[in-house]
Amino acid sequence: MPVTVLIVDVRSERSAALEQALLSAGFEVALRVDEREDLHALVELHQPDAVIIDADLPSRDTLEHLGQLGRRYPKPMIMLASEDAPDLVREAAGAGVSAYVVDHVMPAMVRTMVEVAITSFEAHRALKGELNRTQTTLVQRRSVDRAKALVMESRGLGEDAAYQYLRKTAMNRRLALHELADEMLKATRRTEGGCSGAGSSAGSGRH
Amino acid sequence: MLSDAPLNDHQLTLGLMPLNDAAPFVVAEQLGFFQEEGLSVTLKWQPSWAALRDDLQTGVLQGAQMLALMPLTSTLGLDGRATPVISAMTLNLGGNAITLSRALMTRLAEEGHVLDSSLGIACALGEHVRQRRQRGEAPLRLASVHPFSSHRYLLRYWLAAGGIDPDSQVDMRAVAPPLMAAQLASGILDGFCVGEPWNSLASAQGMGQVVAGSHDIWRFGQEKVLGVREDWAQQHPLAHQALIRSLLRACAWLDRPGNRQQAASWLHDEGLPEVPLSVIAHGLEDVDVEQSVEDYQQANAGWTIFHRYAANFPWRSHTRWYVSQMQRWGHLHGISEHDIAATLTRCVRPDLYRIAARSLGLVVPAVDERSEGNHPAPGG
């Protein structure tokens with residue numbers, strides 16, 4: 001199945017060149033649109049596989065919103081950064097969901113650009129979905145449980161009181177509960193080699 | 001902790017949006033407050049909230065005018081890529097309004113509805129939406145700005161007050177502020193919630209009618225904040241304090257009688273050249289001492305407060321109100337109550353505000369929270 005791309009640009013010369021390059025690289029171009037059109041409705045109608053947009057266009061907020069709805073979206077987005085912003089391009093490359101490329105797109109690079117964007121987006125989404133939902137929560141829950149056991153033992157507290165103690169300490173130190181737990185466990189490992197005991201004072205620090 | 005050593009031309013690039021409530025940045029620049037505090041500031045106008053957020057997260061910007069929820073959603077990893085962002089200052093209270101297209105208002109009137117208050121219009125709209133569905137007409141298209149915006153939640157609150165389910169009964173989308181009035185004019189939108197001057201512009205062009213303001217929905221509610229990356233604030237505590245002080249002085253200046261017209265003129269020249277000065281000035285007008293607040297609010301729905309009523313204090317309870325709205329609509333699904341509370345404490349920093357405000361001799365609240373939103377229903 002051909003990969004469909006939507007181009008959002010107000011510079012018709014550039015977007016025409018981009019469309020040509022995409023077509024000759026074997027992509028299907030759903031549409032070239034500018035700021036006067038109903039982008040929200042057009043994206044829902046055409047459901048492109050990727051969107052290429054000038055990073056300086058206000059319409060980005062419309063695409064972000066579609067991304068948050070999470071029905072047929074998010075989709076890979078490729079930003080054309082029109083100014084000399086090598087830092088931005090490099091930094092944003094690691095972001096996964098949206099990729100920035102510099103303005104002057106060589107026809108020869110178009111295929112790679114779109115494919116890389118789609119591949120890294122899919123990888124990022126898969127990773128994010130799975131890791132977030134299962135692994136991360138499991139690991140976090142486990143470390144919180146272990147930190148709680150540590151506090152119960154070192155402070156002679158019951159389970160609820162130990163949990164409250166962790167909660168309060170995390171709040172005071174502006175940490176998520178699992179971040180505090182990780183810190184405490186790491187500190188224990190450093191000082192005690194994995195034993196419970198004096199860990200809580202080493203882990204909780206000043207508060 | 002902080003020394004009094006003066007900063008010397010500390011270079012900063014700050015991001016802002018083409019909105020009236022960007023005024024504190026423009027005023028601080030024009031009146032030399034940044035310079036007096038030892039900062040050498042470049043202001044960068046942004047085309048979209050998404051672009052502003054990316055620039056702050058990637059370090060192109062050191063600080064920015066931000067939507068109140070952005071520090072929290074950026075830190076939680078919901079908005080862009082996970083980057084801890086903090087706010088130690090609120091820039092303004094109010095400043096948004098909901099505008100419906102002239103055509104839609106005409107239809108509501110033809111259907112025999114009484115359109116004399118913001119709540120009355122919400123209820124009329126609710127009735128209209130139900131009739132539309134029965135007749136098989138397409139749902140109304142309504143816009144707010146960025147996904148994690150006060151506008152989105154004010155609009156949803158107002159729609160719900162009129163008995164409308166924003167998720168199933170209307171077509172909601174996001175449109176950046178500068179495109180709103182044009183899309184209303186071309187019929188792509190039936191209504192929107194946006195900051196000034198874009199409501200006043202739609203009114204002035206005869207395209208729309210303002211039906212509710214921020215204060216009709218949440219009186220003296222928080223609007224924009226000063227956002228900076230957490231790691232930047234840790235590495236540059238003095239520059240952060242200088243930045244807060246500069247903007248505090250600008251906000252105080254904006255609330256002194258007689259200064260708003262000058263501010264409107266600077267905004268027009270610096271960031272809003274396409275909007276007539278009279279339109280910007282109208283949206284930026286402050287309450288007249290002769291007027292009651294209620295009369296005033298009716299005349300100017302986008303009324304913006306920059307400094308009075310402890311406006312700049314970053315109440316944790318303010319951000320908490322937005323959190324409650326996100327939870328109401330399921331937009332914080334899967335994030336534990338504890339993580340939300342801890343992140344909120346981490347992102348909203350009244351402690352840092354107090355240092356800056358006290359150094360200017362301002363009185364500051366001693367507590368971080370207060371009761372929010374316990375006023376009558378919108379329009380009541």
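Residues numbered from 1 in each chain as written. Chains lettered and ligands numbered in written order. Predicted model: local features only at pLDDT ≥ 70, side-chain atom pairs only at ≥ 80, totals over all residues.

**Considering the overall build of chain A**
For the record, the criterion: By the criteria applied, helices consist of DSSP H or I runs no shorter than four residues and strands consist of E runs no shorter than two, each listed in order from the N terminus. Between the buried cut of 20 or more and the exposed cut of 12 or fewer other C-beta atoms within 10 Å of a residue's own C-beta lies the partly exposed class, and all C-beta atoms are placed from the backbone. In this description, a residue-residue contact is defined by the distance between C-beta atoms placed from the backbone, which must lie within 7 Å.
Helix and strand counts for chain A come out as eight helices and five strands. In chain A, the succession of helices and strands from N to C terminus is β-α-β-α-β-α-β-α-β-α-α-α-α. For chain A, the proportion of its 207 residues judged to be buried stands at 33%. Sequence separation of at least 24 residues holds for 54% of the intrachain contacts in chain A that already meet a minimum separation of 6.

**Brief notes about the domain arrangement of chain B**
Residue and element names in this part refer to chain B. Operational definition: For the domains described, the bounds stem from an automatic or database domain assignment. Residue type decides the class: Asp, Glu, Lys and Arg count as charged, Ala, Val, Leu, Ile, Met, Phe, Trp, Tyr, Cys and Pro as nonpolar, and the leftover types, Gly among them, as polar.
Looking at chain B, the domain boundaries give domain 1 (10–94 + 221–359) and domain 2 (96–217). Listed per partner, the contact involves 33 residues of domain 1 and 25 residues of domain 2. Looking at the side of domain 1 that touches domain 2, the elements that each hand over two or more residues are α3 (49–57), α4 (70–76), α14 (277–284) and α16 (316–328). Ranked by the residues each element gives to the side of domain 1 that touches domain 2, the list is headed by α14, at five residues. Across the side of domain 1 that touches domain 2, the residue classes tally to 19 nonpolar, eleven polar and three charged.

**Focus on the interface of chain B and chain A**
The interface of chain B with chain A comprises 27 residues on the first partner and 27 residues on the second. At the level of secondary structure, the elements contributing two or more residues to the side of chain B that touches chain A comprise α3, β7 (171–174), α8 (177–185) and α17 (337–347) of chain B. Residue contributions to the side of chain B that touches chain A peak at six residues, all from α17(B). Looking at the side of chain B that touches chain A residue by residue, the class counts come to 15 nonpolar, seven polar and five charged.

**Notes on the packing of helix α12 (residues 237–254) of chain B against helix α18 (residues 350–359) of chain B**
All names here are of chain B. This is how the line gets drawn: In this analysis, axes come from line fits to C-alpha atoms, helices being fitted only over the stretch in contact, and the angle between any two N-to-C directions falls in the range 0 to 180 degrees. Should an angle lie under 35 degrees it is considered roughly parallel, over 145 roughly antiparallel, and from 65 to 115 roughly perpendicular; all remaining angles are considered oblique. The hand of a helix crossing depends on one turn: near helix anticlockwise from the far one by less than a right angle means left-handed, and clockwise means right-handed.
Interhelical geometry of α12 versus α18 gives an angle of 60 degrees and a closest axis separation of 9 Å. As far as their axial angle goes, α18 and α12 are oblique. Handedness of the crossing formed by α12 with α18: right-handed. For the pair α12 and α18, the contacting residues are Q241, I244, R245 and L248 in the first and Y353, I355, A356, A357 and S359 in the second. Residue composition of the contact of α12 with α18, grouped by class: six nonpolar, two polar and one charged.

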